[in-house]
Amino acid sequence: MTSRKLDTLWFLVVLVCVTALPATAQSFMVQCPTSTITHPAPNNNSEPAYTGPGVNGAIKCQQISGGDGYATMGDGTQTYLFAFGPLSGLYDIAQGKPGTQFPSVFNSLYTGATPLQPGDPATTGTIYNGAVGLIPNLDANNGSGTAGAPVDGHVDPRPIMDVGVMNGNLPAPLMAIDEDDEFFLTLTNVGQIMRPDLFEQHTVHFHGYPNASAFYDGVPDASVAINIGGSFTYYYLAPDAGTYFWHCHITPPEHLQMGMVGQMYVRPRQNRVPIGNSLYSALSAQQGDPRTKCDSADILCSNPLPLTTPNTATRAAGGGYAYNDGDGSTYYNVEYPIQIHGFDPNFHFVGMTFNPEGFADMKDKHFLLNGRSYPDTVTEGPLQTQSADGVNHYSQPLPSIINIPAGGKALLRISDLDTTEYQTLASLGIPMNVIGINAKLLRDQAGNNLNYNTNSITLAGGESLDVILDASDTTKYPSGSVFYLYTPNLDHLSNDAENFGGLMTEVRIN
Amino acid sequence: MRATNMKNTISKAMLHLAPMAAVAWLLTATAYAAAPGITGTTFNLTAQPAFISQPDGTAIYSWGYGCSTGFAPTFTPGNIPNAACPTMQVPGPTLIVTEGQSVSVTLTNGLPAAAGNTSILFPGFNVTATGGTTGLLTQEAAPGGSVTYTFTASSPGTRAYYSGTQGDLQVEMGLYGAIIVLPASVPSECNSGLASANLAAKAAWGESDYRLAHAAYDHPRTCYDREYLFQFSEIDPIIHTQAFAQSTKVCPGSSSGCMQVATEPYHPAYFMINGRSMPDDMDTNYATQYPHQPYNGNPHMHPGEQVLLRIIGQGRWQHPFHEHGNHVRILGRDGNLILSTSDSATTPALAGPLLFTTTTTPGQAMDGIFYWTGKGLNWDAYGHNPSSADSSAKLPCTPDANGYNTSAPTAINYYEWCQDHNKPMQATPLGDVAGGGPVTLPDPNIFANGAWFGGSPYLGPNATVRAVGSTGTTPPSGTIANSPTDEAGFAFMWHSHNEREITTNNVFPGGMLMMMLVDSREFVIDESN
């Protein structure tokens, strides 16, 4: 009797709280409008062909969890992470693709017979790319039921917690957008269940976003940070094409070392130029829009017209371009995001065990390409790790195998989020042609391309560059041959105590 | 308390304490950076020991260059109060000279005799050394002795100077500084057009000019409106402790002294910008509490201002200096302007890269230009509202050829990006900021607000107060470092992206970190204090 009364009382308290809050006060929620004032068309579910200056593009959405998880190091060690995990595009992420979706996919409701399980899609093989937790807004229509209830970002927290807890990825979920897209990125903080002593907020820093607002820059000191149990939707108009990256900005030496690092790139509108049309004409047309023109007086003008005229380059069939080059110089057949990172096993052990952490003597012993050390870098498909919940999770979805079609070119979008030191990556065989640095085309203000060949690149945490591996000479690079990317920091060719591994992967000519 | 909770308690407490310490200073004396130093053609410097301070309370025995007793330097910019040049400072005095001048630097060795000789290298200049004793790289000053270095300031730009004697120890101990060469002739473009409009905007709000020159090089693309100098270095406290312990050793007759200090293995625990760790770096220039660390690192700017960054790696390590907010155009390195090789124009186009992370390299300097305008956000950062009763909310935006509102230097939205004018960000109205935009802002109660959060998504006090009121979003924040009613700037963290270097002796936050603020025009940036 007493307990029933208490139950009733609590029910009333909860009910009052719920009803007293406005709709926007829902703690977990996602946002993915199907149209906006910038993209007013009813359908923004595909990239339109380039027609001329102005914003075209589409709408893209993604949901990620902020929490924790486990990954497997090259020596087999199970390592604790502070980590982001996928809460949209689960299936695509497991396939090594970006989890970024058009509204039609993001806003699709999960209709599987069995609810999403911890570890999904590893657990049940579910094929679902929508926003985990999304349900019709049952509070609409005066609560009259599901008939016609709008899908407006309301979520059921149960699947979010089932899927998001202990489901960290290394690197964090891949993001890819196209110039002129509006990007709605929802961060949902599910807490770190292995560290109940922590009350860690998380944020997203879109590293390199030009002319950023402080509000969406993800620096907790300069903006807001998202508490456990809350969702926050970051809003970006896709900036200039290039290889950016993202990470949490809470206590960076800790959260970055512990694994809250991810990849993100922006594809150029030049990809959308109809096949056979002039690339130079498209880039010239963009000079008519002050947002994208390159004025000679603008010290930060990022993408001048190429010097060579007349310029006959046209949009090739298939493949893509890294930048709006206007001359086809950044063309590639296949693209691979490669993120360099390092883990200090001592720091990760301390990070799991409630002890004070030291920063000054942080020393990485695992050297990672896309969250994996050799030989895991050449293992196909997602790597699984059993987490503390006893369930296998897709911990490291991205292999680092560079597959180049014979006679083709591969774009490597290389970023580095190491927290301790500079790392060098070298190519044995195919020269590295560096075409961009820090998400900007290498071109001087007179229009000369400044791309250069090298056999190695060196990056610190917080840097990125674009490399093209040109295998178009099929005599030198015949089908079936294998080349290597490895680090000449020879002590980084190790997996902690194992002396062969670390920062290395294969380039395969198919 | 269980030991297992210590990590959390320590780091979180510091997270709040350190910004609050910074807040306290910011409230007592707002501190902006400029690039202060001493100017002239003859400099009498001394190398001496002293203790410098760190924000964890540690006093670290160091060696630094300073002004010799009796040498009365000319300070520039002249309108910064409390300017001083002590006999020891870290970094050493910033020497500001003009292209073509003959410069003479006399160094007197005031280091402990046990440290042996010392010297200064001026890489990039053709130096003649007179007096002193012969050393490996240059003429050196023996303990108590002097040496004079003479050179012509052959080309403009920022460069490092540092000890050329036992560099592994002496540079680590603090014997380094910056020399800035100003161009002999400033291109006319730097005093007309947008450059003069920006100056008029400054004047309209009573802001003074703290530039050393109006251009970094003899090139019209190097005009600038503000400038800041950042010198990156590290300290391994064990080296300094050893040096202090041996500083009184007696070793007659040895030019290299007789210290036996192990400079390897190297484990730095302090990571500094201009000799200070965060939050001390955001305190004022010449602040009396740091008698041997006179220079700060605390950049402020208005939208559209061209801001010259002079960046030097003075330590042993490289540091990836990440500038949040926008890219930096590298103009030149070590005083060498990077120009297009194919451009036959009389002023060839720039060819330096655009970087969002400007890696510092030991001994190397670079000059770059940064600006912030908000272009491309796709929402009105000023939260303009054409149906507001507030006239400031209804200001027009008249695009110039590049799309900016530059025809109204006295307006608070001078240099606004006009394509996004009146474009809403939020789906529903927030206070006196209109709705209709793409984003729904969640309940502020699920956020934690930062000390430099301006109180709303918007730029400037007018927009912020119209959006969310005088205290900003909850919790009410009258004590933050970026008050909603006064400043409400956009704050951006500028820091080393080798993230362990934004700590002070294992405590976060600290080290190589500062907050750069983009302020709307209502907020008066006063670099004088």
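Refer to the structure presented above.
Quick look at the structure, then. Since this is a predicted model, take the numbers as computed values, not measurements. (Residues numbered from 1 in each chain as written. Chains lettered and ligands numbered in written order. Predicted model: local features only at pLDDT ≥ 70, side-chain atom pairs only at ≥ 80, totals over all residues.)

**Points about the overall build of chain B**
For chain B, the helix and strand inventory stands at 5 helices and 25 strands. For chain B, the C-alpha radius of gyration of 24 Å lies close to 24 Å, the compact-globule estimate for 529 residues. Its C-alpha atoms put chain B at 85 × 70 × 40 Å along the principal axes. When each of the 529 residues of chain B is scored for burial, the buried share is 62%. Of all intrachain contacts in chain B linking residues separated by at least 6 positions in sequence, the fraction that spans at least 24 positions is 71%. (Helix = DSSP H or I, 4+ residues; strand = E, 2+ residues; numbered from the N terminus. Rg over C-alpha atoms; globule rule 2.2 N^0.38 Å. Buried ≥ 20, exposed ≤ 12 C-beta atoms within 10 Å, placed from the backbone. Contact = placed C-beta atoms within 7 Å.)

**Re the sheet that holds strand S6 (residues 102–109) of chain B**
Residues and elements named next belong to chain B. With mixed pairing, the 5 strands of this open sheet are ordered in space as S3-S2-S6-S10-S7. Only two strands of the sheet have a single neighbouring strand rather than two, namely strand S3 (59–67) and strand S7 (128–130). Each adjacent strand pair in this sheet contributes to an overall mean axis angle of 25°, direction not counted. As defined by bridge partners, strand S2 (residues 42–53) adjoins S3 across 9 bridges and the pair is classed as antiparallel. Its bridge partner lying in S3, Ser53 is registered against Ala59. (Pairing = 2+ DSSP bridges. Axes fitted to C-alpha atoms, helices over the stretch in contact; angles between N-to-C directions.)

**What to know about unusual backbone geometry**
The residue after Leu170 of chain A, namely Pro171 of chain A, is reached through a cis peptide bond having omega -10°. With respect to the helices and strands, the residue Pro171 of chain A is situated in the loop between helix H4 (157–164) and strand S3 (172–178). The linkage connecting Thr76 of chain B with the following residue, Pro77 of chain B, adopts the cis geometry, with an omega of -10°. Relative to the helices and strands, Pro77 of chain B resides in the loop between strand S4 (74–76) and strand S5 (95–98). The phi dihedral of Asn274 of chain B falls on the positive side, at around 55°, and the residue is not glycine. Summarising the element assignment, Asn274 of chain B is placed in the loop between strand S14 (270–273) and strand S15 (300–301).

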